[in-house]
Amino acid sequence: MSAMGLHSKNVRLLSLGRNALLAGSNGGQRSGSGPRGRSLTSPPLSSSSPARALSSLSATRRGLPKPKMSENGVVPRAKVLTIDTMNPTVKNVEYAVRGPIVARAVELEKELSEGMKKPFAEVIKANIGDAHAMGQQPITFFRQVLALCSYPELLNDSTFPEDAKSRARRILQSCGGNSMGSYSASQGIDSVRQDVARYIERRDGGVPCDPDDIYLTTGASDGIMTMLKLLVCGEGVTRTGVMISIPQYPLYSAALAELGAVQINYYLNEEKCWSLDISELQRALDEARHHCNPRALCIINPGNPTGQVQSRECIEDVIRFAAKEGLFLMADEVYQDNVYADGCQFHSFKKVLFEMGPEYSDTVELASFHSTSKCYMGECGFRGGYMEIINMDDEVKAQLTKLVSVRLCPPVPGQALMDLVVNPPQPGEPSYDNFIKERTATLSALAEKAKLTEQILNTVHGISCNPVQGAMYSFPRIIIPEKAVKEATDKGQQPDMFYCMKMLEETGICLVPGSGFGQKDGTYHFRMTILPPRDKLQILLNKVKEFHQKFTKHYS
């Protein structure tokens, strides 16, 4: 053999030896391996065995995929958290209000800003109840007090009214170090909870409210999620079931999916202005008891996405039903100031419960929720809210307090804003007249836009819209031609998702398909807010009208 051939052979032998050594040292890191990489269940390999010889070869020479190397030549460690190893319940969570339609709307906004030509000049997002993003102006008094609390040196500024300064001083005195930058008690600032309790007593005609039953929250959503965490337990047929309305606000379906609870659907009656029928509650409950343990009933009043306002008689029926069937009541009342239709009035579940007498007020367990994000305030970004608990077991209440303490406290600016909502300027104070003027103007404008939305949509053949009695949305029913249904199905899309995506691409209007909220099989809807300014809302509604007519003609 030539010197060159001998040298090449020696290099190959050294390479094989190094690979064998590396294989032995790396094998010891593998799960289920013994010292130096030997399997705990396999006999040691002799140095002359075919398996030993094969193991000494590189992955490439054995026909296996070559491990990907990083820039420094090190094989990267496999990821601990992958789509296959993550919490499986999270993968079941869906939230239509910020789903694929909205993602595409954001892309279109970016494309417009980069100069790309579209059939529209702007994207109009009517998908979410974000009042200030839609142009609603904040209440002056609220922002004045929050400014004073954030920068106390402004308390020396003579341009701020004295009632705003006195509110700010009271809030700051309740904060550690007289600063909103400090933590509060986990349940919330004591003085704010006291003001919330007084507000509830005024609202409910003197029904007593204990500040110790008030928990300040990071928006109403936080309180709802916390209560569901307390309620969910069991496995299989004993797993907690929670009754939610269909159509529903996707927070509920998303929360139940995340917690692994059983969603029990009860359907609102579209033909009767999205009313709630006790017979439908009974049907849903009876069917659910075959496969889960129904423990809670959720009511949204005024409704989202449907905009209905429950009558007092309906609320009484719901309370009797909950008492008879042993259900925990959860009353989502964040739109309690948003009532527009003649003959409609907001009735709190707590007030009705106590006026029904001790048979119910002493026994029915209730959690009710309110927020700074809706009504005339629309202060979504501050994430302020509260929940009140009624007839909760003392030991469970202690667990609730423990649970909220894990998150330290709700945002203190949100707590301060909640205090202003429940303790606004009073008659005779400097800010009162302007506060009432702004509040009235905001609610009046919403009432006008609710009526306008109903009127225009009902002029369109193939669209029917119930009266928007309250809240901030309409949920009209749309007829989608069979040809469009087939095309959507072929693409693996829900027909109303297909419809809404087409509308977005052609008009720039961002709506949410009804399938994201739930609906009866064979029916299609979309949800849109009534929040844009009147002139922009008029344009939006006319574009919806034109699109629906064009869409129907194309697919007929």
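Thresholds, definitions, all that
- Residues numbered from 1 in each chain as written.
- Predicted model: local features only at pLDDT ≥ 70, side-chain atom pairs only at ≥ 80, totals over all residues.
- Heavy atoms only, no water.
- UniProt positions renumbered as here; feature names shortened; annotations may be inferred.
- Buried < 20%, exposed > 50% of the residue type's maximum accessible area, 1.4 Å probe, protein only.
- Helix = DSSP H or I, 4+ residues; strand = E, 2+ residues; numbered from the N terminus.
- Pairing = 2+ DSSP bridges.
- Right-handed = clockwise from strand over helix to strand, strands pointing away.
- Phe/Tyr/Trp six-rings, centres within 6.5 Å; stacked < 30°, edge-to-face > 60°.
- Lys NZ or Arg CZ within 6 Å of the ring centre and 35° of its normal.

- As recorded in an unreviewed UniProt entry, the protein chain goes by alanine transaminase and comes from Anabas testudineus.
- Comment text from UniProt for the protein chain, heading Subunit (unreviewed entry), reads "Homodimer."
- In the Cofactor (unreviewed entry) part of its UniProt record, the protein chain is described as follows: "pyridoxal 5'-phosphate".

**What about the pairing of strand E5 (residues 293-300)?**
No. 1: The element E5 is largely enclosed, with a buried count of six among its eight residues.
No. 2: Sheet analysis places strand E3 (residues 240-246) next to E5, joined by four bridges and oriented parallel. The partner of Thr240 across the bridge, within E5, is Asn293.
No. 3: In the sheet, E5 pairs with strand E6 (residues 328-332) via five bridges, with the strands oriented parallel. When the bridges of E6 are listed, Ile299 appears paired with Ala331.
No. 4: After leaving E5, the chain enters helix H11 (residues 312-325) and then returns to the sheet as E6, a path that is right-handed.

**What to know about the packing of aromatic side chains**
No. 1: Counting across every chain of the model gives 13 aromatic pairs.
No. 2: Look at Tyr499 and Phe526: their rings are 6.4 Å apart centre to centre, the planes differ by 10 degrees, and that puts the pair in the stacked class. With Tyr499 in helix H18 (residues 495-507) and Phe526 in strand E14 (residues 524-529), the pair connects residues that are 27 residues apart, well separated along the chain. For the residue pair Tyr499 and Phe526, the accessibility class agrees, reading buried in each case.
No. 3: Through successive ring pairs, a cluster of aromatic residues spans Phe498, Tyr499, Phe526, Phe547, Phe551 and Tyr555.
No. 4: Seen from the ring of Phe354, Lys350 lies directly overhead, with NZ or CZ sitting 5.7 Å from the centre.
No. 5: The residue whose ring lies beneath Arg527 is Tyr473, and the NZ or CZ to ring-centre distance is 4.0 Å.

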